[in-house]
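Structural overview
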Amino acid sequence: MPAPRFGKRSLTGLIALVLITALISGWSALINSMLPADSRPQAIAFPTVPVTQTLFEAMALELGDGFAHIDRFRQAGILAYEGPKTCLGCHEKISVKDSDGTQKQLDLMANLTGSAHYRFFTKDHPNVYGFNGELADNFPMGKLNRPCPKPGSFAMTAWAEIVVTAEGDTLSEGCGQCHIGGQYQAPLGELMPLYQTLKVEQDAIDCLICHADAYDMNAKQVVTDQNGRTRWGQDRSLKAALSVDTPSAPACLRCHQHNFGGDLYIDPAGPEFMPSLTATGRDRPRVLHPGSKRGTPYSPTWDVHAAAGISCLECHITEGHLIAKGTHTTTMMANDLPTVEVTCLNCHDDPPHSESSATGSDLNRHLERLACQTCHIPSLHPDNATRRDFGSTEFIDHEGIHVYRDLVKENQPGNGIAYVWWNGDCTFLGNPIGDNPNDAGLYRFYDAANRWPEFADFDYAAWYEEVMRPIARNGRPSKLYAMKRFNGRQHIDLQNMGPFGGMFIPYNLPNYYRYGDPDRAASVEMDKSMMKMMYGWLFKFYMLNKFMSFMGIDGWETASYEDVRAGRQVEPRWIPTDAMLEISHGIRLEGALTCNRCHGPDGVLDWVGLGYTTGEIERLSTPR
């Protein structure tokens, strides 16, 4: 049989492919060379601990039946886990179904490194609007580069920090604790077009934190390498690798319970749902932050789905490592599958209530105007933070550190829980966009209750009617949603601000926690190399001019860096209007709002604020 021949066209194509691959690889190296030295990825020597066959069998016996990788490792003679290298030995390609049910083959690593869980951002945001009225789509945005007055820090600066208390104890802190990458810094190169994830970045990925049932969260603490750089440790033990399975709810909650239920509450009916709180770190425990972000723990006492043993992935559809978050969001801008719906009616009957009673029929009719969680999230956890002030601190004895003050903790309907019209879209700072379906024209979701003195004369009402009312009306039909109300006070660069807010100045967390001086901590953080780069020309032209335009601000002012570093023209400010965080967990049957909780003289709904006319209010407020 004659050997196959390559024609000129085939050879040209092959050469072009090689050149393009080399150029892209060189481009990725160039991008990282532009980063400050302390933010570049580097090869990391994770410890590998081989075991004897006897110890292997003892681990297998301890884990019990149900883990397919035990027999696979036994047959392959694998006696040590070497990170992604071990996984890729069998799983270089994966077969997945996309959102329309089509089966396809994907490169596992490309699928993983293109996901929000690795990148910390996505580019597609078809439901996010800037205050300038423009859709904030085709723009890299997420926890990687979007400041938020919840943690008081930026992912690109506060990645892996060691906090030393006044007593000399060491604690672990930083955004990297909830990231599957294991590098010294967030994956900043991914923000740039045509970037290819480097092999040293791929080798550092923590596959087991999601996939291992027996993952030891005590290994998830900050470590210092021989080069003096800090990173987050991982459990790369063989025992963890033998327990690989489809991610369970407790596995997801190793990171996400921090968002749902906070860092202090452990459900006695299901402590396995709080794995980060029951194993906080062996040598340098992770800082446990008071004040729950959403106040909706996902655990048996607080959520009927958790009590029923439903895993996260039963509702959050996946395409490999891309995970649907739904089409409704106000705060978590990174969304792998932004057009894939996550809704109660994917599982529950439509209509969900029994038609055999008048009450059931009436509740079903309400679905045209009410979201399910509006009635079925009757309260938030008592540790729910409603007003967080980073500009003042208090000392916490049990951890020996200073922390922010949560001035208000409300968890009841009408207080901590607000009720708003929402069509699933949102503003750049977490305001749910929507309008009264009756088209009364009386409802506005933005009121600038904390008006800044520099914008005392800004006509928010006129801006709303011109910019936001058309967006609210032209979107999807609005329903009444229960949402968690929040406002934060944090240091602001007063030379980079506008009528809707400004650029938050992050705090140096080791300094903040140790000394409790927010002014000092903000100034110290500005010395971080990435803060200098953020105030430089590259960030200005590639990202921050666009970012600030969505904030309603004309361009990013880099010249303010030295002032901010010196603490000049910087002060803590409350966000001009409350953010409303979407809540969809903490679902309960018992205690769900009844008709009289909304309809009646003491009802929880603000009918005037929701844009109803006097006649409608009188009719709707009549007890039923």
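To be clear, the structure that these remarks concern was listed above.
Report on the accompanying structure. Keep in mind that this is a model prediction, so the values were computed, not measured. What you see as residue numbers is a count from 1 along each chain, following the sequence as written. Per-residue local features of the predicted model are confined to residues with pLDDT of at least 70, and side-chain atom pairs are confined, for both listing and counting, to 80 or more; whole-chain, interface and lining totals are unaffected and use all residues. Heavy atoms from the whole structure form the basis of all side-chain values; hydrogens and water molecules are not counted.

**So, the sheet that holds strand β15 (residues 425-427)**
How we decide: Strands are labelled as partners when DSSP assigns at least two bridges between them. Per the convention used, a helix needs a DSSP run of H or I reaching at least four residues, while a strand needs a run of E reaching at least two, with both numbered from the N terminus.
Taken together, the three strands give an open sheet; going across it, the order is β4-β15-β16, and neighbouring strands pair in mixed fashion. In this open sheet, the two strands that pair with only one neighbour each are β4 (128-129) and β16 (432-433). In this sheet, β15 lies alongside β4 in parallel orientation, the contact comprising two bridges. Bridge pairing links V128 to C426 in β15.

**Overview of the pattern of salt bridges**
Condition: Between Lys or Arg on one side and Asp or Glu on the other, a salt bridge is scored when a side-chain nitrogen of the former is within 4 Å of a carboxyl oxygen of the latter. We call a residue buried when its accessible area falls under 20% of the maximum for its residue type, exposed when it is over 50%, and partly exposed in between, using a 1.4 Å probe and counting protein chains only.
If you walk through the whole model with that rule in mind, you get 32 salt bridges. For the salt bridge of R294 with E582, the shortest nitrogen-to-oxygen distance reads 3.4 Å. Taken as a pair, R294 in the loop between α11 (275-278) and α12 (304-307) and E582 in strand β20 (residues 579-582) lie far apart in primary sequence, 288 residues in all. For the residue pair R294 and E582, the accessibility class agrees, reading buried in each case. The partner of D425 in a salt bridge is R476, with the nearest N and O atoms 3.0 Å apart. Of the two residues, D425 sits in strand β15 while R476 sits in the loop between α15 (460-474) and β17 (479-498), which places them 51 residues apart along the sequence. Via salt bridges that share partners, D435, D439, E465, R469 and R473 belong to a single interconnected network.

**So, the side chain of N145**
To be explicit about the condition: The term polar contact refers here to a pair of N or O atoms within 3.5 Å; inside protein, the definition further demands a hydrogen-donor-capable atom paired with an acceptor-capable atom, and it admits residues adjacent in sequence only when both atoms are side-chain atoms. Should any heavy atoms of two residues lie within 4.5 Å, those residues are counted as being in contact.
Structurally, the position occupied by N145 is in the loop between β5 (141-142) and β6 (161-164). Of note is the side chain of N145, whose polar atom sits 3.1 Å from the backbone nitrogen of G142. Not counting the four nearest positions on each side in its chain, N145 is found in contact with P140, M156, L191, M543 and F547.

**Description of a nonpolar patch on the surface**
Formally: Two joining distances apply to patches: 9 Å for like charges and 5 Å for nonpolar side chains (Val, Leu, Ile, Met, Phe, Trp, Tyr), and every residue must have over 30% relative accessible area and no salt bridge. We get accessible surface area from the Shrake-Rupley algorithm with a probe of 1.4 Å; when it comes to residues, only the shown protein chains can shield them.
A surface patch of nonpolar side chains, about 690 Å² in accessible area, is lined by W27, L30, M34, L194, W537 and F541. The dominant element in the nonpolar patch, judged by the number of residues it contributes, is helix α1 (residues 8-34), at three residues. Take F541: it is sitting in helix α19 (residues 537-550).

**A look at unusual backbone geometry**
Residue P351 is bonded to the preceding D350 through a cis peptide linkage, with omega at 5°. Inspection of the secondary structure assignment puts P351 in the loop between β11 (322-323) and α13 (358-366). We note that N138 has phi near 55°; this positive angle belongs to a residue other than glycine. Inspection of the secondary structure puts N138 in the loop between β4 and β5. The phi dihedral of A448 is positive, around 50°, even though this residue is not glycine. Considering the arrangement of structural elements, one finds A448 in the loop between β16 and α15.

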